[in-house]
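# Per-entry structural report
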Amino acid sequence: MRSSSPLPRMSRRGRVTIGVLIGVFVLFTLLGWGVQAWTDWLWFSEVDYTEVFRGVLVTRLLLFLAAALAMAAIVGGNLWLAQRLRPRNRLHSPEQATLERYRMLLGPRLGLWITLAAAIVGLFAGLSTQSRWNQWLLFLHGGDFGVNDPEFGVDVGFYVFQLPFWRFLLGLGFTAVVLALIGSLAMHYLFGGVRLQGVGDRMSNAARAHLSTLVAVFVLLKAVAYVLDRRSMLLEFNDGVNVFGAGYADINALLPAKEILAYISVVVAIAIIVFSNAWMRNLVWPGISLALLGVSAVAIGGIYPWAVQTFEVKPSARDKEAPYIQRSIDATRASFGLDIAQNSAYAASNLTPPASLATDTSVVPNARLLDPQLVSETYTQLQQVRGFYDFGPKLDIDRYTVDGETQDYVVGVREINYGELTAQQSNWINRHTVYTHGYGVVAAPANQVVCGGQPYFVSGFLGERAQESCSSPADQIPASQPRIYYGERMEPGDYAIVGKPSPDANPAEFDRPAGESGEGRESYYTYTGEGGVEIGSFTRRLLYAIKEQEANFLLSEAVNENSKLLYVRNPRDRVEKVAPFLTLDGDPYPAIVDGRVLWIVDGYTTAATYPYAERVNLQQETTDELTGRGTIQLARENVNYIRNSVKATVDAYDGTVTLYEFDENDPVLKAWNKAFGGDLIKSRAEIPPSLVEHFRYPADLFKVQRNLLIRFHVTAPGDFYSGQDFWQVPNVPDAPDSGVKQPPYYLYTQFPGQDEPRFQLTSAVTPNGRQNLAALISGSYQDGRPTLQVLELPDQTRVSGPVQVHQQMTNNANIRQQLNLLSSNQAQVQYGNLLSLPFGNGMLYVEPVYVKSNQQDAYPLLQKVLLSYGDGGSFVVLADNPADGIKQLVEQGKRAAAGNPPPATEEPPADGEKPKASPSASPPADDAPPLAGELAVAANQVQAAITEVRAAQASGDFERYGRALKALDEALTAFQQAQQASNAGGGSSAAPTPAASPSSAG
């Protein structure tokens, strides 16, 4: 007679329906995975990096299978063992009667339920483990750093390559034992091995032996954890002195405590097995042993180190922590490459513009006027030609040698922006087969403007040029293949289908405008590059139709037997796909190398387990004004080791990706190269010299190093502990209240101590909590090797920092008046990069001033240049161009040397004293008649307003200062009107202008 089931059985139709639904789900899931894997293989075959695809895929599969099988075996095996160890005779009780119906439900298919549970646990374990493929490859192929940690004398390679995976395996082991313990306990309870009610033992001997063994294994794993914790202590944060690495209390109290606890854990594990099975055979003493372990962990591992920290370290932390602070300083400088920094003192004691400014050929002529962030709009309006072309929100800086002269150029790539296509142009045929590429690299010297403030374009021309005087007569930086199929404006869905059905067919791809009007004004082209995945066969077309969910791959005649598909067209995405182990710089840049347009992408190898090194968040450290505006924001990755080990290039025409080894001494890169066959990355010797000429110090690496140098330039532990010599990165000079950091800037210039001009990335820093200049930090390449230079100013320097300099220059009354004239309801003033240039044992500051009309499609034009020398406020000019500004500065310096200080250094007139005219204003003639009438009244109002501005500036009351500046503007306007009325009425034209220079208080 068939026993009744406690649950109703499902009908056959229901089982079939569920089976079909599960089958369809699995089919479509596997189909999606299969299509993705197949298309990825085709893409990697195109770029010739199949070893990466194969290596990552095989490693993930093996890790998945290994972890899944191991976890399933441990959990499933313990469940099976618990079922096998069930008591044959169970005492009758209400509890057992309640459990009986569950045993009846599970009993007939118990093996199936155990297998299903083990499979689910194994699935999740495998998915978790396969994501650690990078840790496993480094674990397998990592070598030595050749540097030992300062506490245990173990090579750093153990911490970088071995420790992360050991810790993961330990966590996986804990998970397996805990799940096995919980599952076994449930199984023993279900089958009567563990009882909560009734007389006699609550646990059978077999159940006790099984569960106590699992508990003992857990405790043994805890002993292993204590051993690994001893090494991991060198990676922890020491909040007592705000550095990473084990401190005094950790080394002298917590470290021996961890060792003692490891031994105690082993003893407790043995005691659990012995007391539970071989001796008393109960759980009282095993429970006591576990309790003692917990008490020991709290007392030895918590209270004792706290007591040492509180009563021994804190009262004399400076001395106690000094050796450990030194360890952190040394490790941080080594792990982030700060040890290459060359510190030198720069007195900056000269506050007067020297005459040599006018004859300099290294610094002054190379001062960059074009701001790549601002002139992007100018490039777009003047060189766009068609509305769907785009240069992006920020251009790039590179240097080229033209006619034997090397200088900075602002370069932009004329790319297709699919978001700017019209509705007519955006259909599938046009978007993917007609508008396939951009055309040309547009460049202009960074220190030259023409035609009322426009860049002087020297390359990337399309057909005829409307104003020859605004551009060079010939292409000075020619590209033999100027077409741009791969660029920064490409999104993941912006694929292109190229190739024509026969050699006689007409080209279908829009190439560029070919004329001004009439027929033939558009030129068409057919792609001939090697790049792209062939999709001529029906199978390939079906494959990509499924991938892109687009039927036109099968239906459109534009896809033919010679077609190729170009996708993953963003250079950074392309490099990231072929080298997933690299962290990529957020600012790829184009360069014309041997006639080809190449995108250059800096690749970093990173680690987060370098002992005693500072750990930073890459996203936080690299964010500044340019982030998200042409510069990609990095991911939230915590690292304490970084090297610019790879220079990658992407051909803008055919998409060829090449990885070059740049740091041949980096152990992390060696491990990755070994993991993928040893030939993945080309050696440094294979880098073409023409490409080396365009390498630049990577911006994101420089930001990280600069932000660390503001603290770790201090190498004495005592001074580091006090923090008095720390620096800070200033905010954007023209918006200091925004809290956004000033970006570093590229310059081709020569700094003190350098033999010749270099292309270098530079940043000014100020003392912590103050605004005067503390140092200039620059990164450059010398003989192909990275160098960092730190020009450190004296502690009590009078030289102003970037924010102060901008305020002092723009608040000068004469300059403020001119700036107000430039801005109005119809236009706005925009400030370019504020450059801090050491020159003549002083500081020269250069800040371009742009004016942008409020009219539609207006673009910024460079109208003026602000220049300052010395402390930022004494010698200031606003000139039409740098040459005129330098002449004025030199003239001010000469007058100052002769005893006639510039306007910015004048003191307010004493009460009752006649105001003195500003040297920068037009001096009155000797026979000029005295002012009279309304003109005299207006002049007195101007002088009174100037006095109020100076007083407000000296008081530091910004609200009062703003009111005073407004009153000064009104007084100057009234004076000009009175002067015009006087001239119109026959008054003297030689009436002097009142001095308007309130900035002496700065």
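Residues numbered from 1 in each chain as written. Predicted model: local features only at pLDDT ≥ 70, side-chain atom pairs only at ≥ 80, totals over all residues. Heavy atoms only, no water.

### Brief notes about helix α22 (residues 802-811)
Residues that lie three or four places apart on an α-helix share one face, since the helix turns once every 3.6 residues. Summarising burial for α22: eight of the ten residues are buried, a large majority. Every buried residue of α22 is listed here: Pro802, Val803, Val805, His806, Gln808, Met809, Thr810 and Asn811. (Buried < 20%, exposed > 50% of the residue type's maximum accessible area, 1.4 Å probe, protein only. Helix = DSSP H or I, 4+ residues; strand = E, 2+ residues; numbered from the N terminus.)

### Quick look at the packing of aromatic side chains
For the structure on display, the rule yields 41 aromatic pairs. Seen from their ring centres, Phe662 and Phe695 are 5.8 Å apart, and the 90° between their planes marks the pair as edge-to-face. You can see Phe662 sitting in the loop between β24 (657-661) and α18 (667-675) and its partner Phe695 sitting in the loop between α19 (689-692) and α20 (699-712), a full 33 residues away along the chain. Judged by relative accessible area, Phe695 falls into the buried class, the value being 2%. Every member of this aromatic cluster is reached through a ring pair, and the members are Trp136, Phe139, Phe165, Trp166 and Phe168. The residue whose ring lies beneath Lys577 is Trp43, and the NZ or CZ to ring-centre distance is 5.5 Å. (Phe/Tyr/Trp six-rings, centres within 6.5 Å; stacked < 30°, edge-to-face > 60°. Lys NZ or Arg CZ within 6 Å of the ring centre and 35° of its normal.)

### Looking at the packing of helix α5 (residues 133-141) against α18
At their nearest, the axes of α5 and α18 sit 9 Å apart, and the two run at 100° to each other. By the angle between their axes, α5 is roughly perpendicular relative to α18. Seen from α5, the contacting residues are Trp133, Asn134, Leu137, Leu138 and His141; seen from α18, they are Ala671, Trp672, Lys674 and Ala675. For the contact of α5 with α18, the residue count by class is six nonpolar, two polar and one charged. (Axes fitted to C-alpha atoms, helices over the stretch in contact; angles between N-to-C directions. Parallel < 35°, antiparallel > 145°, perpendicular 65-115°, else oblique. Contact = heavy atoms within 4.5 Å. Nonpolar A, V, L, I, M, F, W, Y, C, P; charged D, E, K, R; others polar.)

### Some remarks on the state of the cysteines
Considering all chains together, one arrives at one disulfide under this definition. A disulfide bridge connects Cys451 with Cys470, and the sulfur atoms are separated by 1.8 Å. Across the disulfide from Cys451 to Cys470, rotation about the S-S bond amounts to roughly -110°, and the bridge is consequently left-handed. Of this pair, Cys451 sits in the loop between β10 (449-450) and β11 (454-455) while Cys470 sits in the loop between β11 and β12 (483-484), placing them 19 residues apart in sequence. (Disulfide = S-S within 2.5 Å.)

### A few points about the sheet that holds strand β17 (residues 564-566)
Reading across from one edge, β13-β17-β16 is the order of the three strands in this open sheet, with antiparallel pairing throughout. Every other strand in the sheet has two partners, leaving β13 (496-498) and β16 (533-534) as the edge strands with one partner each. Bridging between β16 and β17 involves two bridges; their strand directions are antiparallel. Bridge pairing links Glu534 to Lys564 in β17. (Pairing = 2+ DSSP bridges.)

### Description of the confidence of the model for the protein chain
Here the protein chain averages 85 in pLDDT, and 85% of its residues register 70 or above. The low-confidence segment residues 995-1002, where pLDDT is below 50, has 41 contacts with residues more than four positions distant or belonging to other chains. (pLDDT = per-residue confidence, 0-100.)

### Thoughts on the packing of helix α4 (residues 110-130) against helix α6 (residues 156-190)
With their axes 12 Å apart at the nearest point, α4 and α6 run at an angle of 160° to one another. Relative to α6, the element α4 lies roughly antiparallel. Between α4 and α6 lies a crossing of right-handed hand. Seen from α4, the contacting residues are Leu110, Ile114, Val121, Ser128 and Thr129; seen from α6, they are Phe168, Leu172, Leu179 and Met187. (Left-handed = near helix turned anticlockwise from the far one by under 90°.)

### Quick word on the environment of Ala317
Inspection of the secondary structure puts Ala317 in helix α10 (residues 317-320). In this view, Ala317 contacts Ala322 and Tyr721; residues no more than four positions away in its chain are not counted.

### Quick look at the nonpolar core
The biggest cluster of nonpolar side chains holds 178 residues, and the ones touching the most others in it are Tyr49, Tyr379, Tyr544, Phe553, Leu659, Phe676 and Leu844. In this view, Leu659 contacts Tyr49, Val575, Ala579, Val646, Lys647, Ala648, Leu680, Ile681 and Lys682; residues no more than four positions away in its chain are not counted. Of all hydrophobic cores here, the second largest spans 25 residues; its members include Leu351, Phe751, Tyr831 and Met843. (Core = buried A, V, L, I, M, F, W, Y, C linked by side-chain atoms within 4.5 Å.)

### Focus: helix α24 (residues 882-897)
Compared with an ideal rise of 1.5 Å per residue, which puts 16 residues at 22 Å, α24 spans 22 Å between its outermost C-alpha atoms and is within 8% of the ideal. By the burial criterion, the buried members of α24 are Pro882, Gly885, Ile886, Leu889, Val890, Gln892 and Gly893. Seen along its axis, α24 keeps its buried residues to an arc of 155°; they face one direction. Exposed positions of α24 whose direction lies more than 90 degrees from the buried face are Lys887 and Lys894. Taken together, the buried residues of α24 touch β32 (842-853), β33 (861-869) and β34 (875-879). Following α24 by one or two positions, Gly899 adopts a phi angle in the positive range, close to 95°. (Expected span 1.5 Å × (residues − 1). Arc of directions from axis to C-beta.)

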